[in-house]
Amino acid sequence: MLPQTRKVVSPEEFNELFREETLIAEFASPDDELAYERRDSFLIHLIRREVERCFGTDKQQQPFVGDDWWPDHTRHIEATPSHCTATFLTALRGLLTDDYKDYRIQICFYGDAMDGKTYIGSMNLHADRVLIERRLYELLQSSETHAA
């Protein structure tokens, strides 16, 4: 389900690496900034299309796709472990090509989508690798073992 190249870390290490790996876009002109904003908005559209394809049109069944704009080449999703399917993760990784090869998708997992107090852990999904918090990784490994 996850890329073979993965780094499993503590929450503290995750936060540190998240900051270190952040790629802030620099704009030489207003046109460059507008082009980045359009590209970023289209990635949100592509992510939402995959969400709908994998989980249907009922918003209650879908992970939340954030649309806050910041030029850090990162898109954000809030999900539950039930959203962590091979089909969905593969689809998301498949978006990170061409214009989006420098992007990452941060997925924050919660035990209950309606309760922000049930945080489990996060992963940063790149086209060729994943950075994942240990607690989340162990939960996903356990789920795969029980499903087999």
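Structure: above.
Just so you know, these numbers come straight off a predicted model, no measurement behind them. (Residues numbered from 1 in each chain as written. Predicted model: local features only at pLDDT ≥ 70, side-chain atom pairs only at ≥ 80, totals over all residues. Heavy atoms only, no water.)

Caption draft 1: Quick peek at the pairing of strand 5 (residues 119-125). Across the seven residues of strand 5, six count as buried, placing the element largely inside the fold. Pairing of strand 4 (residues 104-110) with strand 5 involves six bridges; the strand directions are antiparallel. Its bridge partner lying in strand 5, Ile107 is registered against Met123. Pairing between strand 5 and strand 6 (residues 130-133): three bridges, direction antiparallel. Paired with Met123 across the two strands is Ile132, which belongs to strand 6. (Buried < 20%, exposed > 50% of the residue type's maximum accessible area, 1.4 Å probe, protein only. Helix = DSSP H or I, 4+ residues; strand = E, 2+ residues; numbered from the N terminus. Pairing = 2+ DSSP bridges.)

Caption draft 2: Spotlight on unusual backbone geometry. A positive phi angle is found at His73, which is not glycine, with a value near 55 degrees. Relative to the elements of secondary structure, His73 occurs in the loop between strand 2 (64-65) and strand 3 (74-79). Accessibility expressed as a relative area gives 11% for His73, which makes it buried.

Caption draft 3: Local environment of the side chain of Asp40. Residue placement: Asp40 occurs in helix 2 (residues 30-55). Filtering out sequence-adjacent residues up to four positions away, Asp40 remains in contact with Trp69, Arg75 and Tyr103. (Contact = heavy atoms within 4.5 Å.)

Caption draft 4: Geometry of the environment of Arg135. By secondary structure assignment, the location of Arg135 is in helix 4 (residues 134-147). Looking at Arg135, the relative accessible area reads 53%, which means it is exposed. Put simply, Arg135 and Ser10 are 125 residues apart on the chain and 7.9 Å apart in space, counted from C-alpha to C-alpha. Residues within four places of Arg135 in sequence aside, it is in contact with Tyr119 and Ile120.

Caption draft 5: Spotlight on the packing of aromatic side chains. A complete count under the given rule lists seven aromatic pairs for this structure. Ring geometry for Phe14 and Phe18: centres 6.3 Å apart, planes at 20 degrees, overall stacked. Of this pair, Phe14 and Phe18 both sit in helix 1 (residues 11-21), four residues apart, roughly one helical turn. The two residues Phe14 and Phe18 agree in class, both being buried. By way of ring pairs, the aromatic residues Phe27, Tyr36, Trp69, Tyr100 and Tyr103 are connected into one cluster. (Phe/Tyr/Trp six-rings, centres within 6.5 Å; stacked < 30°, edge-to-face > 60°.)

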